[in-house]
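So the chains spell out like this:
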Amino acid sequence: MFVFDFRKEFYEVVQNQRVLFFVASDVDALCACKILQALFQCDHVQYTLVPVSGWQELETAFLEHKEQFRYFIFINCGANVDLLDILQPDEDAVFFVCDSHRPVNVVNVYNDNQIKLLIKQDDDLEVPAYDDIFRDEDEEEEEEHSGDEHDQGLEPSGKRTRLEEEIVERTLRRRQRREWEARRRDILFDYEQYEYHGTSSAMVMFDLAWMMSKDLSDMLWWAIVGLTDQWVQDKITQMKYVTDVGILQRHVSRHNHRHEDEEHALSVDCTRISFEYDLRLVLYQHWSLHDSLCNTCYTAARLKLWSLHGQKRLQEFLADVGLPLKQAKQKFQSMDISLKENLLEMIEESANKFGMKDMRVQTFSIHFGFKHKFLASDVVFATLSLMESPEKDDSGMGHFIQALDSLSRSNLDKLYRGLELAKRQLRATQQTIASCLCTNLVISQGPFLYCALTEGTPDVSLFSKPASLSLLSRHLLKSFVCSVRSRTKNRRCKLLPLVMAAPLCVEQGTVTVVGIPPETDGSDRKNFFGRAFEKAAEGTNSRTLHNHFDLSVIELKAEDRSKFLDALVSLLS
């Protein structure tokens, strides 16, 4: 059931208990986790933290710990499946679920005792009515047997008449039940067919801290990073992003006003959060402007930098801005101050001439003292790269802990290490996109586009993890759409979704498959591939593993790929 008073029905319930919380492997979940950790430390709440990257890890961890805890918290996992059916908990176990995945499973919504959903009610949830999807079986059995009781004590002729009436009634009830079940299937299909995301879990946790007057500047920054993660990964619409930015902007103004009179407001240890319209260029303040332009999906796709013509357009663009190549290729921090003064306005003006009308976006930045400044998107890329680092992790938790630590201002060395990993990841992403487009690896399968990375592709190991592959797939689709806009043939291709596969484990012969919705201007970011993958796998007995919290990411045996794709084509045609 939905929790309406987070403070009373959630926080005060767990405040004097020992709790276990499961945290999914995404940046928004990490930020929500940091906020909850800060609250728990403030009130001396005992907790155990378990990172989980998929359903198998979640089930294993729950079985291992379920005897020691009564209260469990799930962050960015658990809302979109029947948790009780999967985990089979004891009757006194209570699950608090803070998850941005939608749609929310109906069993979770209507279970009043064990499932407590920490989800904002202003999200467009559209949950079906209880009576449309649940029926009381006991009542039906009573109806079935009620006729027998009335028959006793009647004359034979009366019994016959009563029996005829009973047969008519039962036939009518069975027909009504069949109609109700057919209607229920249709309602559930309409409700569950698309996967999408609601309000960031970090924002939900920050709201809780704010309600309790315990919201610190660090918590506000984590909420900002959680929202920016959703925007960077295209999980929410532009309208939803702008709306939530407006909410956080008011909190930033309130915090800044509150700290104006404090003595340390200008000290070397201070933390300052600012709202600003900044360039849509990745990591540009920690990189060179040239590298940032080449490795930002937005500019690379619109300038078509995978082609010689695109490289020429980049030179023309820099000339139009009035930026010498020598300055553009050195570190942004080392550029001439005279050039940096009006750089944002100059780049925006030139970008409009080159068809890049959304070159500046609403975002936030943070200053740690006088030296360290980061945009929210910088932190997202750094944290994501640390979490999905290709380096070997013997403990299974090392990358998660590194990523979690990088969000604390006391661990700036880890954040800077994450930025270097992010640069490598972004370079590999654009090089892979260029390779796929130049060698025509993106092919139309009819109802969708398909692209497969093969073993031996440079940097292919960087794309075996779900978030990295999803980001590559989204950027590839955007670049492909830009590449076909100028061509008359294949014009329909820009309206198609994309299915992408990358090698996962060579020894086991498995690949990761991800489905991306069509790239259109009015896209609602709803993804239909989750259910489609399930049905295609069932229909062909393909050996798949639906282990990820995002239903549109699956693991598949490489040998079953062709029959799985054939089934997907016939299903979506």
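Residues numbered from 1 in each chain as written. Predicted model: local features only at pLDDT ≥ 70, side-chain atom pairs only at ≥ 80, totals over all residues. Heavy atoms only, no water.

**Student:** Can you help me understand the nonpolar core in this one?
**Tutor:** Where a protein is soluble and globular, its nonpolar side chains tend to be buried together. In this structure, Phe10, Phe22, Phe74, Phe95 and Trp221 are the most contacted members of the largest nonpolar core, which totals 113 residues. Beyond its immediate sequence surroundings of up to four residues, Phe95 is in contact with Phe62, Phe72, Phe74, Leu83, Leu84, Leu87, Pro89, Gln114, Ile115 and Lys116. (Core = buried A, V, L, I, M, F, W, Y, C linked by side-chain atoms within 4.5 Å. Buried < 20%, exposed > 50% of the residue type's maximum accessible area, 1.4 Å probe, protein only. Contact = heavy atoms within 4.5 Å.)

**Student:** What's the story with unusual backbone geometry in this structure? I'm lost.
**Tutor:** Trans peptide bonds make up most of the peptide bonds, and negative phi angles are found at most residues other than glycine. The omega angle of the peptide bond from Arg102 to Pro103 is 5 degrees, so this bond is cis rather than trans. Positive phi values are uncommon outside glycine, yet Gln88 reaches one of about 50 degrees. Mapped onto the elements of the fold, Gln88 is located in the loop between α4 (83–87) and β4 (94–98). Of note, the phi angle at Asp234 is positive, near 55 degrees, even though the residue is not glycine. Its place among the elements puts Asp234 in the loop between α10 (217–232) and α11 (238–259). (Helix = DSSP H or I, 4+ residues; strand = E, 2+ residues; numbered from the N terminus.)

**Student:** Whenever I open this one, the pairing of strand β2 (residues 46–52) confuses me. Can you help?
**Tutor:** One face of the sheet, then the other: side chains in a regular strand alternate in exactly this way. Where strand β1 (residues 18–24) and β2 come together, 7 bridges link them in parallel fashion. Note on β2: the bridge partner recorded for Arg18 is Gln46. For the handedness criterion, the β-α-β arrangement of β1, helix α2 (residues 27–42) and β2 is classed as right-handed. (Pairing = 2+ DSSP bridges. Right-handed = clockwise from strand over helix to strand, strands pointing away.)

**Student:** Quick question: what am I supposed to make of the sheet that holds strand β12 (residues 449–452) here?
**Tutor:** Pairing between the strands of a sheet comes from backbone hydrogen bonds, and it takes one of two forms, parallel or antiparallel. Spatial ordering of the open sheet is given by β11-β12-β13-β14-β16-β15, a layout of 6 strands whose pairing is mixed. At either margin of the open sheet sits one strand with a lone partner, and together these are β11 (443–444) and β15 (544–545). Pairing of β12 with strand β13 (residues 498–505) involves 4 bridges; the strand directions are parallel. By the bridge assignment, Leu449 is partnered in β13 with Leu498. Contacting β13, β14 (510–516), β15 and β16 (553–557), helix α22 (residues 529–540) runs over the sheet at an angle of about 135 degrees to β14. (Axes fitted to C-alpha atoms, helices over the stretch in contact; angles between N-to-C directions.)

**Student:** Teacher, can you tell me more about a negative patch on the surface here?
**Tutor:** Together, Glu67, Asp90, Glu91 and Asp92 give the surface a local cluster of negative charge. Of note, Glu67 is situated in the loop between α3 (55–65) and β3 (71–75). (Patch = residues over 30% accessible without salt bridge, like charges linked within 9 Å, V, L, I, M, F, W, Y side chains within 5 Å. Areas by Shrake-Rupley, 256 points an atom, 1.4 Å probe, with all protein chains shown as cover. Salt bridge = Lys/Arg side-chain N within 4 Å of Asp/Glu carboxyl O. Lys, Arg positive; Asp, Glu negative; His and termini not counted. Charge placed at Lys NZ, Arg CZ, Asp CG, Glu CD.)

**Student:** Honestly, helix α14 (residues 308–321) in this entry has me stumped. Any pointers?
**Tutor:** Residues spaced three or four apart along an α-helix point in a common direction, a consequence of the helix completing one turn every 3.6 residues. Over its 14 residues, α14 runs 20 Å from end to end, which matches the ideal 20 Å to within 8%, given 1.5 Å per residue. Residues of α14 that are buried: Gly310, Leu314, Phe317, Leu318 and Val321. Within α14, the buried residues cover an arc of 95 degrees as seen down the axis, which keeps them to one side. The outward face of α14, more than 90 degrees from its buried face, is lined by the exposed residues Leu308, His309, Lys312 and Ala319. Structurally, α14 contributes buried residues whose contacts are with α12 (289–295), α13 (297–303), α15 (325–328) and α17 (343–353). Of the residues trailing α14, Gly322 is marked for its positive phi of about 85 degrees. (Expected span 1.5 Å × (residues − 1). Arc of directions from axis to C-beta.)

**Student:** Looking at this model, I keep getting lost on the pattern of salt bridges. Mind explaining?
**Tutor:** Opposite charge on two side chains makes pairing possible when the charged atoms of those side chains draw close. For the structure shown, the criterion picks out 21 salt bridges. Here Glu166 makes a salt bridge to Arg170, at a shortest N to O gap of 3.5 Å. One end of the pair, Glu166, and the other, Arg170, are both in helix α8 (residues 156–192), 4 residues apart, so they sit about a helical turn from each other. Asp320 is the partner of Lys353 in a salt bridge, and the nearest nitrogen-oxygen pair spans 3.3 Å. Within this pair, whereas Lys353 is found in helix α17, its partner Asp320 is found in helix α14, the two being separated by 33 residues in sequence. One network of salt bridges, with partners in common, ties together Glu166, Glu169, Arg170 and Arg173.

**Student:** Whenever I open this one, the packing of aromatic side chains confuses me. Can you help?
**Tutor:** Two descriptors summarise a pair of aromatic rings, namely the distance from one centre to the other and the angle between the planes of the rings. Across all of its chains, the model carries 27 aromatic pairs by this definition. Between Tyr71 and Phe96 the ring centres are 6.3 Å apart and the planes differ by 20 degrees, which places this aromatic pair in the stacked class. Of this pair, Tyr71 sits in strand β3 while Phe96 sits in strand β4, placing them 25 residues apart in sequence. Note on accessibility: Tyr71 and Phe96 belong to one class, buried. Within the aromatic cluster, the residues linked to one another by ring pairs are Phe10, Tyr11, Phe21, Phe40, Tyr47, Tyr71 and Phe96. Between the NZ or CZ atom of Lys340 and the centre of the ring of Phe332, over which it lies, the distance is 5.0 Å. The residue whose ring lies beneath Lys526 is Tyr196, and the NZ or CZ to ring-centre distance is 4.7 Å. (Phe/Tyr/Trp six-rings, centres within 6.5 Å; stacked < 30°, edge-to-face > 60°. Lys NZ or Arg CZ within 6 Å of the ring centre and 35° of its normal.)

**Student:** It is not clear to me how the packing of helix α19 (residues 398–406) against helix α20 (residues 412–438) should be interpreted in this structure. Could you clarify?
**Tutor:** To describe two helices that pack against each other, one gives the angle between their axes and the distance between the axes. Two elements in contact, α19 and α20, have axes whose closest approach is 8 Å; the angle formed by their N-to-C orientations is 110 degrees. Put simply, α19 runs roughly perpendicular to α20. The chirality of how α19 crosses α20 is left-handed. Here α19 contributes Gln402, Asp405 and Ser406 to the contact with α20, which in turn contributes Lys414, Leu415 and Arg417. In terms of residue class, the contact of α19 with α20 is built from 1 nonpolar, 2 polar and 3 charged. (Parallel < 35°, antiparallel > 145°, perpendicular 65-115°, else oblique. Left-handed = near helix turned anticlockwise from the far one by under 90°. Nonpolar A, V, L, I, M, F, W, Y, C, P; charged D, E, K, R; others polar.)

**Student:** I tried to follow the packing of helix α18 (residues 376–387) against α19 on my own but got confused; where do I start?
**Tutor:** At a closest axis distance of 7 Å, the pairing of α18 and α19 adopts a crossing angle of 160 degrees. Looking at the two axes, α18 sits roughly antiparallel to α19. Between α18 and α19 lies a crossing of right-handed hand. Packed against α18, whose contacting residues are Thr383, Leu386 and Met387, the element α19 presents His399, Gln402, Ala403 and Ser406 at the interface. Its residues assigned to classes, the contact of α18 with α19 comprises 3 nonpolar, 4 polar and no charged.

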